[in-house]
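Letter by letter, the chains look like this.
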Amino acid sequence: MVFKKIGVVGGGTMGQGISEMLAAQGLDVLLAEKTPEKLDQAVANITISLDKQIERWALTESEKKTILSKIKRASNLNEMAECDLVIESISEDLNAKKHMFFQLNQYCPPHVLLATNTSTLSVTEIAAVTTHPERVIGLHFLHPVAKVGLVEIVRAMRTSDETYRLTQQFVDDHLHKKGIAVNESPGYITTRLICTLINEAMHTLSEGIATAEDIDQAMKIGYDFKYGPLEMCDRFGLDAVLAALEGMFREYGDIKYRPSFLLKQMVRAGHLGTKAGIGFFRYDKDGDRL
């Protein structure tokens, strides 16, 4: 199967990254958001991302124009019926995702593959609201999408072999990323491991063992991490990390997934990381460390 047009539902940080990456690979992208204003903001943020790449000499002005020309705005969700694959990337809320898939199931004919970019939620439960759960699969991209060459391909209970084969083909041939096959389990591989590390880093900080800067330096220099665990948390979004940990704690019942009280405090204070300009560290409007 040749994938030509991909729908992306949700224009937040991940939706923007997925859309930009797909367009850069030469695929036509149909991007949907709740409101025209949010859709405009998503495209504006993608433009900012491309401009920053031009500043680093990683992209030309001509390439930027080509990428943006590949991204079209959807005026209505029913336009997703035109796509070969639809990737849902809305907020990490089970009920919201189930409602979205219920709608996509109504609009998209049976041959259209439906994927969710959830990092912790049950793909099986999301697929259960559709009349064709065999075509539903998880495609968990990691942030930043364009730079991370890995995708977790998550099989739900009723995902068909054909859906998995086509999705693997899409990841290999069109995205040129490494697809890791994962049988559904809360947190999959990457979220389960990284959130545990981030949570332990917060325990270390709250116990006064070291400063946030030194904790991150220890992992960056000592273990060759690009970002330390606390800056990772800022870039993921503290609210997203909290939701992931709470979900895994609820599912597994293991105390190692119980969110640090410091994390809860910071989320309540609105210190959500790069998107708020402040988390464990401070950031400018472009998400760069101050």
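Per an unreviewed UniProt entry, the protein chain goes by 3-hydroxybutyryl-CoA dehydrogenase and derives from Paenibacillus whitsoniae. Per UniProt, the comment on the protein chain under Sequence similarities (unreviewed entry) is "Belongs to the 3-hydroxyacyl-CoA dehydrogenase family."

(A) Up close: the overall build of the protein chain. Along the backbone of the protein chain there are eleven helices and eight strands. Whereas a compact globule of 290 residues would reach a radius of gyration of roughly 19 Å, the protein chain reaches 19 Å, a difference of no more than 12%. The dimensions of the protein chain, computed from C-alpha atoms along their principal axes, are 55 × 45 × 35 Å. Within the protein chain, the proportion of its 290 residues that are buried is 48%. At a minimum sequence separation of 6, the contacts of the protein chain that also span at least 24 residues come to 65%. Total accessible area on the protein chain stands at roughly 14,000 Å², and carbon and sulfur atoms take up 53% of it.

(B) Geometry of the UniProt feature "domain: 3-hydroxyacyl-CoA dehydrogenase NAD binding" (unreviewed entry) in the protein chain. According to UniProt, the "domain: 3-hydroxyacyl-CoA dehydrogenase NAD binding" (unreviewed entry) feature falls on residues 5-184. Helix makes up 42% of residues 5-184 and strand 22%, with an end-to-end C-alpha separation of 27 Å.

(C) Representation of the packing of aromatic side chains in the model. Evaluated as defined, the whole model comprises two aromatic pairs. Judged by centre distance (4.9 Å) and plane angle (55°), the ring pair of F3 and F170 falls under tilted. Separated by 167 residues along the polypeptide, F3 in the segment before β1 (5-9) and F170 in helix α6 (residues 161-175) bring together distant segments of the chain. For the pair F3 and F170, one class covers both residues: buried.

(D) Representation of the environment of T190 in the model. Note that T190 resides in helix α7 (residues 190-206). Between the C-alpha atom of T190 and that of T118, which follows or precedes it by 72 residues, the distance is 12 Å. Filtering out sequence-adjacent residues up to four positions away, T190 remains in contact with H140, L142, L150 and E152. A distance of 2.7 Å separates the side chain of T190 from the side chain of E152, its partner in a polar contact.

(E) Representation of the UniProt feature "domain: 3-hydroxyacyl-CoA dehydrogenase C-terminal" (unreviewed entry) in the protein chain in the model. Mapped onto the present numbering, the UniProt feature "domain: 3-hydroxyacyl-CoA dehydrogenase C-terminal" (unreviewed entry) falls on residues 187-283. In residues 187-283, the share of helix is 62% and the share of strand is 0%. The end C-alpha atoms are 28 Å apart.

(F) Focus on the pattern of salt bridges. Evaluated as defined, the whole model comprises 15 salt bridges. The partner of E82 in a salt bridge is K5, and the shortest N-O contact between them spans 2.7 Å. Here the residue E82 occupies a position in the loop between β3 (71-73) and β4 (85-88), and K5 occupies one in strand β1, the gap between them amounting to 77 residues. Residue K52 pairs with D288 through a salt bridge whose shortest N-O separation is 3.6 Å. In this pair, K52 is assigned in helix α2 (residues 36-55) and D288 in the segment after α11 (261-268), connecting sequence segments 236 residues apart. Salt bridges sharing partners connect three or more residues here, namely E213, E231, R235 and R289.

(G) Highlighting the side chain of S19. Looking at the element boundaries, S19 is found in helix α1 (residues 13-24). For S19, a relative accessible area of 0% puts it in the buried group. Dropping the residues within four chain positions of it, S19 is found in contact with V8, V29, L31, I46 and I71.

(H) Structural detail: the pairing of strand β2 (residues 28-32). Burial within β2 is extensive, with four of its five residues counted as buried. Here β1 pairs with β2 via five bridges, running parallel. Each residue of the ladder has a partner; that of I6, found in β2, is V29. The parallel pair β1 and β2 is bridged by α1, and the resulting crossover is right-handed. Pairing analysis gives three bridges linking β2 to β3, with the strands arranged parallel.

Definitions and limits used
Residues numbered from 1 in each chain as written. Predicted model: local features only at pLDDT ≥ 70, side-chain atom pairs only at ≥ 80, totals over all residues. Heavy atoms only, no water. UniProt positions renumbered as here; feature names shortened; annotations may be inferred. Helix = DSSP H or I, 4+ residues; strand = E, 2+ residues; numbered from the N terminus. Rg over C-alpha atoms; globule rule 2.2 N^0.38 Å. Buried < 20%, exposed > 50% of the residue type's maximum accessible area, 1.4 Å probe, protein only. Contact = heavy atoms within 4.5 Å. Areas by Shrake-Rupley, 256 points an atom, 1.4 Å probe, with all protein chains shown as cover. Phe/Tyr/Trp six-rings, centres within 6.5 Å; stacked < 30°, edge-to-face > 60°. Polar contact = N/O pair within 3.5 Å; in protein donor to acceptor, adjacent residues only side chain to side chain. Salt bridge = Lys/Arg side-chain N within 4 Å of Asp/Glu carboxyl O. Pairing = 2+ DSSP bridges. Right-handed = clockwise from strand over helix to strand, strands pointing away.

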